[in-house]
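# Report on the structure
Residue strings, one per chain:
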Amino acid sequence: MYNRQKAIEYAYKWWNARNLKFLNFDKYGGDCTNFISQCLFYGGIEMNSTSKLGWFYYTSYNRSYSWTGVEEFYNYAVNNLSNIGPKAKVVTIDNVEVGDVIQILQQGQRFHHNLLITKIDGRKTLNNIYVTCHTYDAKDKRLSDYYFQKIRFLKILNT
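Attention in this report is confined to the structure presented alongside it. What you see is a predicted model; the values in this text were computed from it and never measured.

## Topic: the overall build of the protein
- Looking only at helices and strands, one finds 4 helices and 6 strands in the protein.
- Ordering the α and β elements of the protein from the N terminus gives α-α-α-α-β-β-β-β-β-β.
- For 159 residues, the compact-globule estimate of 2.2 N^0.38 gives 15 Å, and the C-alpha radius of gyration of the protein, at 14 Å, lies within 12% of that figure.
- By principal-axis analysis of the C-alpha atoms, the protein measures approximately 40 × 35 × 30 Å.
- Expressed as a percentage of its 159 residues, the buried residues of the protein come to 51%.
- Nonlocal contacts in the protein, meaning residues at least 24 apart in sequence, comprise 56% of its contacts between residues at least 6 apart.
- Taking the 20 positively charged and 13 negatively charged side chains of the protein as two groups, their mean positions are separated by 2 Å.

## Comments concerning the environment of Y136
- Examined against the element boundaries, Y136 turns out to sit in the loop between β4 (129–133) and β5 (138–142).
- Taking relative accessible area as the criterion, Y136 reaches 51% and is therefore assigned exposed.
- Sequence-wise, Y136 and D26 are 110 residues apart; in three dimensions their C-alpha atoms are separated by 9.2 Å.

What counts as what
Residues numbered from 1 in each chain as written. Predicted model: local features only at pLDDT ≥ 70, side-chain atom pairs only at ≥ 80, totals over all residues. Heavy atoms only, no water. Helix = DSSP H or I, 4+ residues; strand = E, 2+ residues; numbered from the N terminus. Rg over C-alpha atoms; globule rule 2.2 N^0.38 Å. Buried < 20%, exposed > 50% of the residue type's maximum accessible area, 1.4 Å probe, protein only. Contact = heavy atoms within 4.5 Å. Lys, Arg positive; Asp, Glu negative; His and termini not counted. Charge placed at Lys NZ, Arg CZ, Asp CG, Glu CD.

So this is what it looks like as structure tokens:
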């Protein structure tokens, strides 16, 4: 069962540091999805190591692509039919809550950055949603402070 508050507590603890249980992927394209996966895992979502197409991390060499890749995370989460690993659906901004994930595309064709919603202050607008993330380490940064061409909101469905 996903405990959104525990995921946020983990995000606040590690937003500007790296948990040594996991490789820091900043030098390998970014650590944002690795961080999001850690938040979800410490929020109670169980790893799915049934195949390389699952969602898991044991070592830097024994992990799934969905644990560390933005598009791979998306493809896994929105297509996950099991009760193991993150399960998500794309929603509008009106349907997000703390503990959900936002993906942004700044340029190009592929979404490339993951953010965890850690605070919503009033109405659900870009100005009132705050996110925490790695790669460009930030804690409770206003979503409106990000430049993006496209955005998608992923509602985490694990209950």
